[in-house]
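Here is what each chain is made of, one letter per residue.
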Amino acid sequence: MTSKPELLAPAGDFERLEMCVHYGADAVYLAGTEFGMRASAGNFDQEEMVRAIRFAHGHGVKVYVTCNTLPREQEIVRLPEYLAFLQDSGADGVIVADMGVFSLAKQYAPKVPVHISTQMGVVNSASARMLYDLGASRVVLAREMSMEEIRLFRENIPEDLEIEAFVHGAMCVSFSGRCLLSNYLTGKRDANRGQCAQPCRWKYALMEEKRPGEYFPISEDGGTFILNSRDMCMIEHIPELLEAGVTSFKIEGRMKSAYYAGAVTNAYRHAMDEALAGQPLSPEWVEETEKLSHRPYSTGFYYGAPGQYTQDSAYFAGAEICAVVESCDAEGNARLTQRNKFCEGDQLELLTSEGRPISFIAAGMAEPDGTPIQSTPRAMMEFTMPLPSPCQRLSIVRRVTEDQKRIRK
């Protein structure tokens, strides 16, 4: 069981796992090549899974493995062997959304705690107590619950039953992700088996039967993206979540980039630490969430209906990654790998796990052999550059974009 509030971060592949661990996650969730709800993420084969769990445990971080698809009859026969493998590999929890998978997990991986996925739609204490009696150690709440409902829920469930709740990331127009729209419109991409095509983000129009080819906009508050959800951001409400009894603070995003995984984990790590210390939230960490790739933010259903964003389905990104630090000496001389081109004289920021971002001007760049360069045009090229402060491997150099300036207004 979790002894203190836990920051739970998404690890879509090993690079993102490293970022989450480096930037302060207490636990990560990830998937194997089957049975996870993000089939297009990098995910982990069995050899990679063993390596990932060993790496995380070596840094004091727990690993929860998602088995939260709804497996069909021809798939369920492969689960016993896989669940036994997860137990042998040292997984700290298995996340399930199907009662059959729950039963198999208790039978073939009895030492691994079972977490009830948000896909199961738990919204009341009666459901939670029943699942607890069957052996569940944690419930991931339906995203549609309000803050007050969570407080009441906590009062009416066993003290040692953990509560996990989403605090940041994409939301779904369907109830806790139970959607058939993707399967219906594509004929093959089943959202309940990790293959969602996200048709809720598409632009829709009306066509009259006798006027084929003439499309009429559907308008809801002036937009035609009528199913497009806002993203969730609860970084300013961590004290209320703690008071309501949330055990694990979950960040959505196994499909997002390694930069996103690291930066969002870093922001919530600092925000949670400040809340647990009884300190007010520093505005820098709120600003960090604006620098991440996102749709317009809301507080989900915690304080009422979040509303849809019908203007478009575009993402805003207040900053873009330029390079990742591979090594750095005590004077701040660093070896880096490029992620996006930038030039000498650009205004940059150094993001580390230790504190606030540091602004500086790009200068002194060179090839590994010491040849001076004015820019970094080659994808993943190695180069050297002095940084404004010594830092650890996986620190990030980034550039604030025009989106950030627009969002701030």
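Our subject is the structure that appears above.
Note on numbering: residues in each chain are counted from 1, in written sequence order. Totals for whole chains, interfaces and linings use every residue, but because this is a predicted model, local features are given only for residues with pLDDT of at least 70 and side-chain atom pairs only at 80 or more, for both listing and counting. Each side-chain value is worked out from all heavy atoms of the structure, with water and hydrogens disregarded.

Here's the deal with the overall build of the protein
Then, number 1: A run of H or I in DSSP counts as a helix once it spans at least four residues, and a run of E counts as a strand once it spans at least two, with each numbered from the N terminus. Summing up its helical and strand segments, the protein has 12 helices and 18 strands in all.
Then, number 2: The rule is simple: take the accessible area with a 1.4 Å probe, protein chains only, and divide by the maximum for that residue type; under 20% is buried, over 50% is exposed, in between is partly exposed. Every one of the 409 residues in the protein was classed for burial, and the buried ones make up 54%.

Some points on unusual backbone geometry
Then, number 1: Residues other than glycine seldom take positive phi values, yet Met-380 does so here, at roughly 60 degrees.
Then, number 2: Relative to the assigned elements, Met-380 resides in the loop between β16 (358-361) and β17 (382-386).
Then, number 3: Of the residues examined, Met-380 reaches a relative accessible area of 48% and is grouped as partly exposed.
Then, number 4: Look at Leu-394: it is not a glycine, yet its phi comes out positive at around 80 degrees.
Then, number 5: Along the chain, Leu-394 turns up in the loop between β17 and β18 (396-400).
Then, number 6: Looking at Leu-394, the relative accessible area reads 10%, which means it is buried.

A look at the packing of aromatic side chains
The description of an aromatic ring pair uses the distance of the two centres, along with the angle that the planes make with each other.
Then, number 1: Geometry of aromatic contacts follows a simple scheme: Phe, Tyr and Trp rings, the Trp one being its six-membered ring, pair when their centres are within 6.5 Å, and the pair is stacked under 30 degrees between planes, edge-to-face over 60, tilted otherwise. As enumerated under the stated definition, the model contains 4 aromatic pairs in all.
Then, number 2: Ring geometry for Phe-14 and Phe-55: centres 5.4 Å apart, planes at 55 degrees, overall tilted. In this pair, Phe-14 sits in helix α1 (residues 14-22) while Phe-55 sits in helix α2 (residues 46-58), placing the two residues 41 residues apart along the sequence.
Then, number 3: Classification of Phe-14 by relative accessible area gives buried; the value is 15%.

Observations concerning the sheet that holds strand β13 (residues 319-328)
Then, number 1: Pairing in this open sheet of 6 strands is antiparallel, and the strands run β16-β15-β18-β13-β14-β17 from one edge to the other. The open sheet has two edge strands, β16 and β17, and neither has a second partner. In this sheet, neighbouring strand axes are inclined to one another by 40 degrees on average, regardless of whether the strands run parallel or antiparallel.
Then, number 2: What makes two residues a contact is simply this: any of their non-hydrogen atoms within 4.5 Å. An axis is simply a line fitted to the C-alpha atoms; with a helix, the fit covers only the stretch in contact. Between two such axes, the angle follows the N-to-C directions and lies from 0 to 180 degrees. Its contacts with the sheet put helix α11 (residues 283-291) on β13, β15 (347-351) and β18, and the angle it makes with β18 is roughly 80 degrees. The rule for pairing is simple: two strands pair if DSSP sees at least two bridges between them.

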